[in-house]
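Chain and residue survey
In case you want the letters, here they are:
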Amino acid sequence: MKTFALVNQKGGVGKTTTALNLAACLAATERRVLLFDLDPQGNATSGLGVNKNDLKSTTYDVIVKNQPISEAILDTKIPDLKIVPTNTQLVAAEIELVSAFSRERRLTSVLSQCENDFDYIFIDCPPSLGLLTVNALSAAQGILVPVQCEYYALEGLSELTQTIEMIQKHLNPQLETAGIILTMYDGRNNLSRQVAEEVEAFFQDKVFSAKIPRNVKLSESPSHGLPILLYDAFSKGAESYMSLTAEFIHRFEPNSEQNETPKEDQTIQNYTQNHIMDHKAYEAIENTIHQEIVQANHTTHSDPLSQKIYKDDEITDSSISLDEINRAIGENL
Ligand SMILES: Nc1ncnc2c1ncn2[C@@H]1O[C@H](COP(=O)(O)OP(=O)(O)OP(=O)(O)O)[C@@H](O)[C@H]1O
Ligand SMILES: [Mg+2]
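Here is a short report on the structure shown in this document. Computed from a predicted model, the values in this text were never measured in an experiment.

Not every one of the 20 residues close to ligand 1 is listed here, only the nearest: Lys-15, Thr-16, Thr-17, Pro-127 and Ser-219. Among the elements of the structure, α1 (15–28) and α9 (216–220) are those that each provide at least two residues to the shell around ligand 1. In terms of residues, the shell around ligand 1 owes the most to one element, α1, which gives three residues. Looking at the shell around ligand 1 residue by residue, the classes come out as six nonpolar, 11 polar and three charged.

Attention now goes to the packing of α1 against helix α11 (residues 236–252). Two elements in contact, α1 and α11, have axes separated by 9 Å at closest approach and are oriented at 65 degrees. As far as their axial angle goes, α11 and α1 are roughly perpendicular. For the crossing formed where α1 meets α11, the hand is right-handed. Side by side, α1 and α11 meet where Asn-21, Leu-22, Cys-25 and Leu-26 of the first sit next to Tyr-241, Met-242, Leu-244, Thr-245 and Phe-248 of the second. The residue makeup of the contact of α1 with α11, split by class, is seven nonpolar, two polar and no charged.

What follows deals with the pairing of strand β4 (residues 81–84). Here β4 shows no split at all, with Leu-81 and Ile-83 on one side and Lys-82 and Val-84 on the other all buried. The pairing of strand β2 (residues 33–37) with β4 spans four bridges and is parallel. What sits directly across from Leu-34, in β4, is Lys-82. One ladder, built from two bridges, connects strand β3 (residues 74–75) with β4; its direction is antiparallel. Among the inter-strand pairings, Leu-74 is bridged to a residue of β4, identified as Ile-83. Once β3 ends, the chain turns through five residues before running back antiparallel as β4.

We now examine the environment of Glu-104. Relative to the assigned elements, Glu-104 resides in the loop between α4 (91–96) and α5 (106–112). A residue is classified by how many C-beta atoms lie within 10 Å of it, and Glu-104, with 18 of them, is partly exposed. Glu-104 sits 29 residues away from Thr-133 along the chain, and the two C-alpha atoms are 9.2 Å apart. Discounting chain neighbours no more than four positions away, the residues touching Glu-104 are Val-134, Asn-135, Ser-138 and Leu-171.

One recurring pattern in soluble globular proteins: nonpolar side chains tend to sit buried together. Among the nonpolar cores identified, the biggest contains 79 residues, and Ala-5, Ala-23, Val-33, Leu-35, Phe-122, Ile-123 and Ala-136 are the most heavily contacted of them. Here this core takes nine residues from α1, the largest share from any one element. Ignoring sequence-local partners within four residues, the contact set of Ile-123 consists of Thr-3, Ala-5, Leu-6, Phe-36, Leu-38, Ala-136, Ala-139 and Ala-140.

What follows is about the sheet that holds β3. Spatial strand order, β3-β4-β2-β5-β1-β6-β7: seven strands in an open sheet with mixed pairing. Among the strands making up the open sheet, the edge pair consists of β3 and β7 (176–183).

Rules and cut-offs
- Residues numbered from 1 in each chain as written.
- Chains lettered and ligands numbered in written order.
- Predicted model: local features only at pLDDT ≥ 70, side-chain atom pairs only at ≥ 80, totals over all residues.
- Near = placed C-beta within 6 Å.
- Helix = DSSP H or I, 4+ residues; strand = E, 2+ residues; numbered from the N terminus.
- Nonpolar A, V, L, I, M, F, W, Y, C, P; charged D, E, K, R; others polar.
- Axes fitted to C-alpha atoms, helices over the stretch in contact; angles between N-to-C directions.
- Parallel < 35°, antiparallel > 145°, perpendicular 65-115°, else oblique.
- Left-handed = near helix turned anticlockwise from the far one by under 90°.
- Contact = placed C-beta atoms within 7 Å.
- Buried ≥ 20, exposed ≤ 12 C-beta atoms within 10 Å, placed from the backbone.
- Pairing = 2+ DSSP bridges.
- Core = buried A, V, L, I, M, F, W, Y, C linked by C-beta atoms within 7 Å.

Taken by themselves, the reported measurements are silent on function.
Take a look at the structure:
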């Protein structure tokens, strides 16, 4: 399974936050990841620091105008994370595609152009079950459904399940519900716990055990155009997305368990030699970032998350600035 659509027709449940941060965490482990912004609101686009008003080629151009996807793919601050950006122009696609040939499969053929270039593709869907979402469900192998731990959380899920069944029957028999992600969870709150229990009772092992807490850093990071990993790697929000990533790897890369564990001593040496941070800072990163992935024994792509982001030569090569890194680290020591 490689292409995942983040779907829930309910608005504001954490689709974009999850798409963006899961994609960023996976890319930080050197998996090649594409985030495809299929929501005319363009929140994934701006959340990764891309200016929506200054785009040469967008999701609209590749889906409606048949432009090659290679012209729309942009770099981000994480070297292995790319994005196909969008803006409000995509609203027109819902209307223009109605009369188009093979209108439900446009995205499938667009993504086939680049499937060998990425280990994972995440599609951030709009809060509706319109033609754009149908395109995403036709193109994806797995659906990830963020469910907000609030009143009415389950509302609409039966409609979503029916849509999925219809797509499986008529357009994409491969499609599976890959996972349910509980978002904005507050363990001190009865309602939050009740919703989590209900969702777990219904969807059982489809529900990821990593719950995403309500965390102010997660809501601040998009306005800085940064994934949580670069905005505040030590926040509870970052920790939870790292746990989710470890679980995701465990679930979808079962063979990766056979791989070696990373060479941690070498990583420590890199850190201290480069004087990017002191040993204490390194240890803190070890505990918050790296541990989750190592614990789950998922090291297919060998480099630990922290090494990828903070290693000296990576900083030179990538557009991650030392200031950003120091701020993320400094604030949390
Ligand atoms: N765990 C969280 N803690 C705090 N704020 C969050 C969290 N997850 C998301 N948010 C904030 O809640 C709002 C909605 O989240 P998000 O945009 O990810 O939802 P969405 O499902 O993509 O929304 P839409 O349906 O409009 O596309 C955003 O302002 C986001 O920053
Ligand atoms: Mg969104």
